[in-house]
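Okay, here's what each chain looks like letter by letter:
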Amino acid sequence: MNQDNRIGEVVESSSLQFTVQCYDLYKSPNIGTLVKCGTDPQLFGIVYDVSNKSMDPARRPVPRGRDENKEEGVYLSNPQLNRLLITEVNCILVGYKSTEGILQSPVSLPPRIHSFVIECSEEELREFSSTLDFLPLLLESPILNSIDDVISSFLIKSSKSHDDKSRFLIYAGKELAFNLSGQLIRLNNLLKRISK
Amino acid sequence: MNSEINNFISKDVDVLGMVVSGSLTNGVEVKLKPERSVSEIKVGRYVSIEAENLKFFGVVTDIELGATDQTLRVNPPEISNPFIANVISGSTAYGIIQVEPMLILSQDDLDSIYGPQPAKTIPPHFSKVSLASDEDVETVFGLESDTNFWLGNPLDMDTAKLCLNIEELIKRSNGVFGKSGTGKTFLTRLLLLGIIQRGVASQLVFDMQSEYGWKGFSEDSKEVKGLKQIFSSKVAIFSLDEESSRRRGVNPDYVVRIGYEDIEPGDISVLKETLNLSEVAADAAYSLERYFGPNNWFKEFLALSGGEEFIDLARNLNINQAALSSLKNRLSRFKRFDFIDESGGNDSVTQILSYLDRGMHVILEFGRYGSDLAAYMLVANLLTRRIYARYAVFAEKALGDPTQQPTPLVITIEEAHKFLSPDIASQTIFGTIAREMRKHNVTLLVVDQRPSGIDDEIMSQLGTKITCLLDNEKDLDSVLTGVSGNRKLRSVLSRLESKQQALIFGHSVPMPMVIKVRDYGTATSYGDFQIEDTKFNFDEDNEDLFGKKL
Ligand SMILES: Nc1ncnc2c1ncn2[C@@H]1O[C@H](COP(=O)(O)OP(=O)(O)OP(=O)(O)O)[C@@H](O)[C@H]1O
Ligand SMILES: [Mg+2]
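Residues numbered from 1 in each chain as written. Chains lettered and ligands numbered in written order. Predicted model: local features only at pLDDT ≥ 70, side-chain atom pairs only at ≥ 80, totals over all residues. Heavy atoms only, no water.

This next bit is on the overall build of chain B. Within chain B, the regular secondary structure consists of 22 helices and 23 strands. In terms of overall dimensions, chain B has C-alpha extents of about 100 × 65 × 50 Å along its principal axes. Total accessible area computed for chain B in this model is approximately 24,000 Å², and 49% of it derives from carbon and sulfur atoms. One way to put it: in chain B the 58 positive side-chain charges average out to a point 3 Å from where the 78 negative ones average out. (Helix = DSSP H or I, 4+ residues; strand = E, 2+ residues; numbered from the N terminus. Areas by Shrake-Rupley, 256 points an atom, 1.4 Å probe, with all protein chains shown as cover. Lys, Arg positive; Asp, Glu negative; His and termini not counted. Charge placed at Lys NZ, Arg CZ, Asp CG, Glu CD.)

Once that is clear, we can look at the overall build of chain A. On a plain count of helices and strands, chain A comes out with seven helices and seven strands. Going from N to C terminus, chain A has its helices and strands arranged as β-β-β-β-α-α-β-β-β-α-α-α-α-α. Counting over 196 residues, chain A shows a buried share of 44%. Carbon together with sulfur atoms contributes 48% to the accessible area of chain A, which is approximately 10,900 Å² in total. (Buried < 20%, exposed > 50% of the residue type's maximum accessible area, 1.4 Å probe, protein only.)

All names here are of chain A. Summarising the sheet, strand β1 (residues 6-13) and strand β7 (residues 116-119) pair through three bridges and their orientation is antiparallel. If you follow Glu9 over to β7, its bridge partner there is Phe116. Both β1 and strand β2 (residues 17-22) contribute to a ladder of five bridges, which runs antiparallel. For Glu12, the partnering residue across the bridge sits in β2 and is Thr19. (Pairing = 2+ DSSP bridges.)

Quick look at the domain arrangement of chain B now. Residue and element names in this part refer to chain B. Considered domain by domain, chain B is made up of domain 1 (2-132), domain 2 (166-256 + 346-509 + 516-539) and domain 3 (266-336). Computed from C-alpha coordinates alone, the two centres of domain 2 and domain 3 are separated by 33 Å. Contact with domain 2, which involves 14 residues of that partner, is made by 11 residues of domain 3. In this assembly, domain 2 packs against domain 3 so that about 1,000 Å² is buried in total across both faces, 57% of it on carbon and sulfur atoms. At the junction of domain 2 with domain 3, the criterion picks out two salt bridges. (Domains from an automatic or database assignment. Contact = heavy atoms within 4.5 Å. Buried area = accessible area lost by both parts, 1.4 Å probe. Salt bridge = Lys/Arg side-chain N within 4 Å of Asp/Glu carboxyl O.)

Moving on, we come to the pattern of salt bridges. Residue and element names in this part refer to chain B. Per the stated rule, a full pass over the model turns up 27 salt bridges over all chains. Between Lys499 and Glu219 there is a salt bridge; the shortest N-O distance is 2.4 Å. Of this pair, Lys499 sits in the loop between α20 (486-493) and β22 (501-506) while Glu219 sits in the loop between β12 (215-217) and β13 (223-225); the two residues are 280 residues apart in sequence, bridging distant segments of the chain. Taking the relative accessible area as the measure of exposure, Lys499 reaches 40% and is therefore partly exposed. In this structure, Arg386 and Glu264 form a salt bridge, with 3.8 Å as the shortest nitrogen-oxygen distance. Residue Arg386 is located in helix α15 (residues 373-400), and its partner Glu264 is located in the loop between β16 (258-259) and α9 (265-270); the two are separated by 122 residues in the primary sequence. The network of salt bridges with common partners includes Asp262, Glu264, Asp267, Arg385 and Arg386.

Turning next to the interface of chain B and chain A. At the junction of the two partners, chain B supplies 25 residues and chain A supplies 23 residues. A combined buried area of about 2,100 Å² lies between chain B and chain A, and 70% of that area is made up of carbon and sulfur atoms. Our enumeration of links across chain B and chain A arrives at zero salt bridges. In this structure, the connection of chain B to chain A is made through two residue pairs in polar contact (both at pLDDT 80 or more). Mapped onto the side of chain B that touches chain A, the elements with two or more residues apiece are α1 (4-9) and α2 (82-88) of chain B. For the side of chain B that touches chain A, the leading source of residues is α2 of chain B, giving five residues. Looking at the side of chain B that touches chain A residue by residue, the classes come out as 11 nonpolar, 10 polar and four charged. (Polar contact = N/O pair within 3.5 Å; in protein donor to acceptor, adjacent residues only side chain to side chain. Nonpolar A, V, L, I, M, F, W, Y, C, P; charged D, E, K, R; others polar.)

Turning to the environment of Ser28 of chain A, a few remarks are in order. All names here are of chain A. By secondary structure assignment, the location of Ser28 is in the loop between β2 and β3 (34-37). Residue Ser28 is classed as partly exposed on the basis of its relative accessible area, which comes to 27%. When the C-alpha positions of Ser28 and Asn52 are compared, they lie 9.9 Å apart, and in sequence the two are 24 residues distant. If near-sequence neighbours (up to four positions away) are discounted, Ser28 is found in contact with Cys22, Val50, Thr87 and Val89.

Turning next to the site of ligand 1. All names here are of chain B. Looking at ligand 1, there are 17 residues lining it, with Gly181, Lys184, Thr185, Glu219 and Arg518 nearest. Separating an oxygen atom of ligand 1 from a backbone N or O atom of Thr182 is a distance of 3.2 Å. Note that an oxygen atom of ligand 1 is positioned 2.9 Å from one of the backbone N or O atoms of Phe186. Look at ligand 1: alone it shows 630 Å² of surface, and the protein chains cover 82% of it. A class-by-class count of the residues in the shell around ligand 1 yields four nonpolar, seven polar and six charged. (Near = heavy atom within 4 Å.)

Let's shift gears to helix α6 (residues 184-198) of chain B. An ideal rise of 1.5 Å per residue puts 21 Å on 15 residues; α6 of chain B measures up with 21 Å between its terminal C-alpha atoms. Where α6 of chain B ends, the next residue or the one after it, Gly199 of chain B, has phi of about 60°, a positive value. (Expected span 1.5 Å × (residues − 1).)

With that out of the way, let us pick up the pairing of strand β7 (residues 128-131) of chain B. Residue and element names in this part refer to chain B. The pairing of strand β1 (residues 15-23) with β7 spans three bridges and is antiparallel. From the neighbouring strand, Met18 faces β7, where its bridge partner is Lys128. One ladder, built from four bridges, connects strand β3 (residues 46-51) with β7; its direction is antiparallel. Within β7, the position partnered with Ile49 by the bridge is Val129.

The next thing to look at is the sheet that holds β22 of chain B. All names here are of chain B. Here 12 strands make up an open sheet; going across it, the order is β9-β8-β23-β22-β21-β10-β20-β19-β11-β18-β14-β15 and the pairing mixed. Every interior strand has two partners, whereas the edge strands, β9 (162-165) and β15 (254-255), have only one. Inspection of the sheet shows strand β11 (residues 202-207) paired to strand β19 (residues 409-414) by four bridges, in the parallel sense. What sits directly across from Ser202, in β19, is Leu409.

To continue, consider unusual backbone geometry. With an omega of -5°, the peptide bond running from Asp40 of chain A to Pro41 of chain A counts as cis. Looking at the secondary structure, you find Pro41 of chain A in the loop between β3 and β4 (43-54). Positive phi, close to 65°, is recorded for Phe126 of chain B, a residue that is not glycine. Following the sequence through the fold, Phe126 of chain B ends up in the loop between β6 (117-118) and β7.

This paragraph deals with the state of the cysteines. Residue and element names in this part refer to chain B. One pass over the structure, following the stated rule, counts zero disulfides over all chains. No disulfide involves Cys468; its sulfur sits 18 Å from that of Cys163, the nearest cysteine. We classify Cys468 as buried; its relative accessible area is 1%. (Disulfide = S-S within 2.5 Å.)

Right, let's get into the environment of Leu331 of chain B. All names here are of chain B. Note that Leu331 resides in helix α13 (residues 321-332). For Leu331, a relative accessible area of 0% corresponds to the buried category. Sequence separation of Leu331 and Leu302 is 29 residues, and the distance between their C-alpha atoms is 7.5 Å. Once you skip the residues sitting within four places of it in the chain, Leu331 turns out to touch Ile268, Leu275, Trp297, Phe298, Phe301 and Leu302.

Shown next, in the form of structure tokens:
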């Protein structure tokens, strides 16, 4: 296992999504990134939300930089901040690995707390995105209304892992068009985003 | 990895889409696959449809645009973005083609026994529709062989040969149509060539423009070989105008002379319209024949001086003097034709027959007389009438002894509507031949740019019609009367390209087909004819073998 790609551990999970606390403050994958966690089965998720906050919900951070010239100064003068503040990542579950390969379908059990969460390699991303059966799952996701941003970032990242990038995007675009018939404006906006 | 995206990338090049609805009367509707664009498919293209254990062969009759989202029209996507345009086309907005299933090629062994059958049912929902393959075309129309002649290629199928069964073809009279400059002459030359090559009939060609025998010209004034240059031992050139033939470098096998005694009243009545004769004047020829006798009437009549003698004759025959005088006037024109000889003709008919009897093909060049319709019609009628009479005698004999059947004869005439117009079709020999089908083993190949001028009944008797572009409504009506699927063929026919494309339908083909007519006139084309000749014509082989080539 590539230690370098490990980003953190699961701290909260359901069968729809899970929350990862990153090992290092501000060291998180960005939205649309494919991650995996757990073993047997290995589960796949896509990052849909990243947040930074106080470890203790009861203690809000207060401003500390009135006398500093630069922002970094705040952290240098208060080294304890790196322990009191955390970065959290929310992922939506999109599939799992079975004996037949990667299956894009809802998972039956959530990942365990403290499962290691690893950012997928480009190869894994290519394999995962070679079918887009999970798109309806995402498009209809009740989780969040900015899901279209997640989808477009995921597709753009995936396209870079394929040899024929534009062909992949057209394929993805047609899948979107198929799933969004009757939602022409939404489709148009999504396509505009991935065409850039 | 066998994933969606890979399937998508390595798309099956021939699959178009699938059947989504349809009926036997209107054909089936096919939704195109997302990656297929409507603009790559043309009306008239052939497709095959796979349904469980049947394979249908059909033709694209219409192309439409569909949309899954009805707001598409009011709210069109940003197609100025090429990516979006690419995605939307074929998915949200998709293509529909209408396909008319024509034939069923069953996929079991019976296929080879019964051949393709007319489609009396339609393929079920979701059957896969593909572009027809070369093999499909071969199954339907047959492979090139010693009876099947390669006439052209189906639309957009450059490697599939459409072959015409020449033996079937010549069992009926046939027609080549198309407006001026669309390729009738080139097409006809190919048909003549096919008949020569397959050796199934003798031919007599009334070559009005002198373009079939020794050489013709293409649009860009390049010379193309005539049939004699390709089949020197099988083609004889007869000429009406020796001087013109020689000027064009042709050494005619025979120069035709028509004697006054050869002309019959029937030959004149055919020319009624062309010579602008009244009914009375044309009929007067019959009275003259009765009066002067069959072999002399023409000579005596033209020899008459005016005045008393003429008035007496009119009175004797009880014919209006003005009519008689107009007849004389018009017939005097014939004196200017050098091929008409007062002192008697040579026996051209016997000559022609002796060539035909040897299985050869006679092309009669008109030279400068080709521009004189009266000369063309007079000669064509006169010779054909006599030749047909002889064939009738042969056929009579053959009734007792079938081995005596004469070789079938195909007679080619241009400007056919002049011979076959409704008011004279019943009187001319050509009308008789066309109506009697293959009685006496003689059939016609009529070439015309104005089929609406031809009698309807004759049109309906034509076995196979091959027609280039026609744009006159009446002409379209006329070629398509009595043909099933009339309306659809009409739209196909009026959209043909302006040259070298033709719709072929009728007796000798299992279904109508649009073809790009085979190229004629290039070095490759001549080479191909020679190869075919050795491959499919066994007589020629034998001749070579025994060194007795003519
Ligand atoms: N099969 C062919 N191969 C090569 N060229 C062709 C073919 N068919 C047509 N053409 C081109 O189109 C031109 C017109 O063809 P063609 O002379 O046969 O027309 P047409 O219908 O007989 O015209 P018209 O009514 O004036 O006699 C030819 O001169 C030639 O250049
Ligand atoms: Mg012509």
